[in-house]
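So the chains spell out like this:
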Amino acid sequence: MDMWILPAIFAVFTVVCLLAGIWLLLHLTALAAFFRGKADVVPSSKPPIAPRSTVVIALCLFGVGLAGVLATQVIAIA
């Protein structure tokens, strides 16, 4: 394996995770509405700006990015 492939994969997963996390932070009303009624989450009285499907996509991208970052770190350690 070339020396640059693992850092490149790590960088892609890091950027995906950061961008999805920033998007989720900017749309907290939509995120709270998604988790309404779970663990005492009470959303704002304002209607969410982002649709539910977009929140699901952002959460999936965040999870995939986080898992990818952790996996590349484990591979780099081994």
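Residue positions are given per chain, counted from 1 along the sequence in the order it is written. Per-residue local features are limited, in this predicted model, to residues with pLDDT of at least 70; the limit for side-chain atom pairs, both in listing and counting, is 80 or more; totals at the level of whole chains, interfaces and linings are taken over all residues. Side-chain measures here rest on the full set of heavy atoms in the structure, leaving out hydrogens and waters.

### A short note on the packing of aromatic side chains
Phase 1: Centre distance within 6.5 Å is the pairing criterion for rings of Phe, Tyr and Trp, where only the six-membered ring of Trp is used; planes under 30 degrees apart are then read as stacked, over 60 as edge-to-face, and the remainder as tilted. Here the structure, examined in full by the defined rule, presents one aromatic pair.
Phase 2: With centroids separated by 4.9 Å and ring planes inclined at 85°, the aromatic side chains of F34 and F35 adopt a geometry described as edge-to-face.

### As for the environment of P43
Phase 1: Helix and strand labels come from DSSP, where a helix needs a run of H or I of at least four residues and a strand needs a run of E of at least two; each type is numbered from the N terminus. Its place among the elements puts P43 in the loop between α2 (28-34) and α3 (52-77).
Phase 2: Working definition: with a 1.4 Å probe on protein chains only, accessible area under 20% of the residue-type maximum means buried, over 50% means exposed, and in between means partly exposed. In this structure P43 comes out as buried when scored by relative accessible area, which is 15%.
Phase 3: Counting along the chain gives eleven residues from P43 to A32, while the straight-line C-alpha distance between them is 4.9 Å.
Phase 4: Once residues lying within four places of it in the same chain are set aside, the contact partners of P43 are A32, A33 and R36. Residue contacts are defined here by distance: any two heavy atoms, one from each residue, within 4.5 Å place the two residues in contact.

### Let's talk about α3
Phase 1: Residue count minus one, scaled by 1.5 Å, sets the expected span of a helix. Taking 1.5 Å per residue, 26 residues should reach 38 Å; α3 reaches 38 Å between its end C-alpha atoms and fits that length.
Phase 2: When we look at burial in α3, the residues that qualify are V55, A58, G65, G68, V69 and T72.
Phase 3: The secondary structure elements touched by the buried residues of α3 are α1 (5-26) and α2.

### Regarding the packing of α1 against α3
Phase 1: Where α1 meets α3, the axes come as close as 8 Å, and the angle between the chain directions of the two elements is 150°. Judged by the sense of rotation from one axis to the other, the crossing of α1 with α3 is left-handed.
Phase 2: Note on residue categories: nonpolar means Ala, Val, Leu, Ile, Met, Phe, Trp, Tyr, Cys or Pro, charged means Asp, Glu, Lys or Arg, and polar means any other residue, Gly included. Here the contact of α1 with α3 is built from residues that sort into 19 nonpolar, seven polar and no charged. Axes, fitted as lines to C-alpha atoms, cover a helix only where it is in contact. Angles between the N-to-C directions of the axes lie from 0 to 180 degrees. Rotating anticlockwise by less than a right angle from the far helix to the near helix defines a left-handed crossing, while the corresponding clockwise rotation defines a right-handed one.

### Some points on the nonpolar core
If you look at soluble globular proteins, the nonpolar side chains tend to sit buried side by side.
Phase 1: The nonpolar core is taken to be a set of buried Ala, Val, Leu, Ile, Met, Phe, Trp, Tyr and Cys residues, with the residues joined through side-chain atoms within 4.5 Å. Core analysis: the largest hydrophobic core is formed by seven residues, namely L24, A30, L31, F34, A50, V55 and A58.
Phase 2: Elements represented by at least two residues in this core include exactly α2 and α3.
Phase 3: By residue number, the principal contributor to this core is α2, which donates three residues.
Phase 4: Other than its neighbours up to four places away in sequence, A58 contacts A20, W23 and L24.

### As for the environment of V15
Phase 1: Of note, V15 is situated in helix α1.
Phase 2: What makes V15 partly exposed here is its relative accessible area of 47%.
Phase 3: The spacing of V15 and S45 is 30 residues in sequence and 32 Å in space, taken between C-alpha atoms.

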